[in-house]
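If you want the building blocks of each chain, they are given just below.
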Amino acid sequence: MASLIVTPGERIAHAADYEASSGTYERDEYVYASVVGEKRELPPPAGGMRPLIQVHRKKETSAIPEIHSIVTGKVVRVKPREATVSILVVGNVPVRESFQGIIRLQDVRATERDKVQMYKSFRPGDIVRLASFAEMEIEGTWG
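Procedures and definitions
- Residues numbered from 1 in each chain as written.
- Predicted model: local features only at pLDDT ≥ 70, side-chain atom pairs only at ≥ 80, totals over all residues.
- Heavy atoms only, no water.
- Helix = DSSP H or I, 4+ residues; strand = E, 2+ residues; numbered from the N terminus.
- Buried < 20%, exposed > 50% of the residue type's maximum accessible area, 1.4 Å probe, protein only.
- Contact = heavy atoms within 4.5 Å.
- Areas by Shrake-Rupley, 256 points an atom, 1.4 Å probe, with all protein chains shown as cover.
- Phe/Tyr/Trp six-rings, centres within 6.5 Å; stacked < 30°, edge-to-face > 60°.
- Lys NZ or Arg CZ within 6 Å of the ring centre and 35° of its normal.
- UniProt positions renumbered as here; feature names shortened; annotations may be inferred.
- pLDDT = per-residue confidence, 0-100.
- Pairing = 2+ DSSP bridges.

1. Side note on the overall build of the protein chain
Phase 1: In terms of regular secondary structure, the protein chain is built from 1 helix and 12 strands.
Phase 2: Ordering the α and β elements of the protein chain from the N terminus gives β-β-β-β-β-β-β-β-β-β-α-β-β.
Phase 3: The buried share of the protein chain, reckoned over its 143 residues, is 34%.
Phase 4: For the protein chain, long-range pairs separated by at least 24 residues make up 48% of all intrachain contacts whose partners lie at least 6 apart in sequence.
Phase 5: About 9,100 Å² of surface is accessible on the protein chain, with carbon and sulfur atoms providing 51% of the total.

Rendered as structure tokens:
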């Protein structure tokens, strides 16, 4: 099988046929590449129904935040409806490249969301520990 190089945002498979793996994400019934690299199809994991599809980078990769990753970051900007965070560590692995995430007003706490004031919750320079839950968004908890 010839190797196929794909770029970020390129549709590489139908989500009903494959399960998204590293270097990919699923949106609107399709699997897309999230990095530049070689598209690879892998057999289904134990107990899995669908084969995996991934994009493998040729160079050494940095830690990349995925859905449900625990990340540590630094607040760089605070706006009335969101705070921007520069991600420093994914799990226990420091990132080599710069990643940013958004803490949205409605994700700061589960109750009394209408009473949250971003400027009282976060300041530039704060270090926060977060659980990512979607592409380019992060859910925040801090202590």
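Picking up after the structure, the text goes on.
2. Quick notes on the packing of aromatic side chains
Phase 1: By the definition in use, this model includes 1 aromatic pair.
Phase 2: The interplanar angle of 20 degrees and the centroid separation of 5.6 Å between the aromatic rings of Tyr 25 and Tyr 32 together place this pair among those described as stacked. Of the two residues examined, Tyr 25 and Tyr 32, each falls in the buried class.
Phase 3: Against the face of Tyr 30 rests Arg 11, its NZ or CZ located 3.8 Å from the ring centre.

3. Quick notes on the UniProt feature "domain: Exosome complex component CSL4 C-terminal" (unreviewed entry) in the protein chain
Phase 1: Taken from the UniProt record, the annotation "domain: Exosome complex component CSL4 C-terminal" (unreviewed entry) applies to residues 96-129.
Phase 2: Counting secondary structure, residues 96-129 comes out at 12% helix and 35% strand; the distance between its end C-alpha atoms is 18 Å.

4. Quick notes on the confidence of the model for the protein chain
Phase 1: On average, residues of the protein chain score 83 in pLDDT, and 88% of them reach the 70 mark or higher.
Phase 2: Between residues 136-143, whose pLDDT stays under 50, and residues either more than four places distant or in other chains, the model counts 29 contacts.

5. Looking at the pairing of strand E8 (residues 70-78)
Phase 1: One ladder, built from 7 bridges, connects E8 with strand E9 (residues 82-90); its direction is antiparallel. Across the sheet, residue Val 71 finds its bridge partner in E9, namely Val 90.

6. Notes on the side chain of Ser 69
Phase 1: Mapped onto the elements, Ser 69 comes out in the loop between strand E7 (52-56) and E8.
Phase 2: When its relative accessible area of 14% is taken as the criterion, Ser 69 is described as buried.
Phase 3: In this view, Ser 69 contacts Val 90, Leu 130, Ala 131 and Ser 132; residues no more than four positions away in its chain are not counted.

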